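Secondary and tertiary structure notes
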Amino acid sequence: MSKIKRKRKKDAELPQYRWALRIFFIAVALSAALSLASESALTGAGIAAALLVLTGFIGLGILFDIIGVAVTAADERPFHSMAAHKEPGASEAITLLRNAGRVSSFCNDVVGDICGIVSGTTAAVIVVRLQTLLDIHSVLLGAGVTAVISGLTIGGKALGKSLAINQSTRVVFLAGKLLHVFHRFSK
């Protein structure tokens, strides 16, 4: 391999390492923030509040999974016309699509995995509270709660993937609009 080809290969690998390092720190910070939010919401909370927190994390995981799949399935072409007509969110949608690998990694891997982990710890809190409330100390209760949560998460993501693939343009455009609103208010 020539010197030039080796240098090009090395230059192409560097951004991947930077991205991996960057996503590592983002994941640590986001995980800490979501865990802290979950723990503070669950401190002294009853089963109903714990179920609400759990539902929120399952829903967040499904929503980000939908976005992560949609950016890998959508076509960029319709957004160029929208951007030319200055539709809010179209240029943000193009940015999402041009960074589909990273967006998908962030949505599916980072947010999705963190939501799965935090919902697991929330499930443990629910099991302990149910065991105390019902005065039952059975492994079957924990296994049953875990099975239901897994079923809801996996079933929700399966439905979401179908939506993301079949409605990818709409999903990406909605995500672009949300980013547009976020950018306007963050200025």
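Structure: above.
A brief report on the enclosed structure follows. No experiment lies behind these values; they were computed from the predicted model shown. (Residues numbered from 1 in each chain as written. Predicted model: local features only at pLDDT ≥ 70, side-chain atom pairs only at ≥ 80, totals over all residues. Heavy atoms only, no water.)

**Here's the deal with the packing of helix α2 (residues 47-73) against helix α5 (residues 100-134)**
- Running from N to C, α2 and α5 cross one another at 165°; their axes reach a closest spacing of 8 Å. As summarised for this structure, α2 and α5 are arranged roughly antiparallel, according to the angle between their axes. For the crossing formed where α2 meets α5, the hand is left-handed.
- In terms of residue class, the contact of α2 with α5 is made up of 22 nonpolar, seven polar and two charged. (Axes fitted to C-alpha atoms, helices over the stretch in contact; angles between N-to-C directions. Helix = DSSP H or I, 4+ residues; strand = E, 2+ residues; numbered from the N terminus. Parallel < 35°, antiparallel > 145°, perpendicular 65-115°, else oblique. Left-handed = near helix turned anticlockwise from the far one by under 90°. Nonpolar A, V, L, I, M, F, W, Y, C, P; charged D, E, K, R; others polar.)

**A look at the layout of surface pockets**
- Put simply, the largest pocket is a space of about 510 Å³.
- Leu96, Val103, Phe106, Cys107 and Leu179 are the residues nearest the centre of the largest pocket, which is lined by 18 residues in total.
- Contributions of two or more residues to the lining of the largest pocket are made by α1 (3-42), α2, α4 (90-98), α5 and α7 (168-186).
- No other element matches α7, which puts five residues into the lining of the largest pocket.
- Tallied by class, the residues present in the lining of the largest pocket amount to 13 nonpolar, three polar and two charged. (1 Å grid on protein atoms, 1.4 Å probe; cavity = no way out; pocket = protein on both sides within 12 Å on 5 of 7 lines; lining within 4 Å. Points joined across faces, edges and corners; volume = space filled by probe spheres on them.)

**Looking at the packing of aromatic side chains**
- Under the definition given, this model contains three aromatic pairs.
- Centre to centre, the rings of Phe64 and Phe106 are 6.4 Å apart; their planes meet at 75°, and the pair counts as edge-to-face. With a gap of 42 residues between them, Phe64 in helix α2 and Phe106 in helix α5 connect regions that are remote in the sequence.
- Relative to Phe173, the ring of Phe79 lies with its centre 6.3 Å away and its plane at 40°, an arrangement referred to as tilted. (Phe/Tyr/Trp six-rings, centres within 6.5 Å; stacked < 30°, edge-to-face > 60°.)

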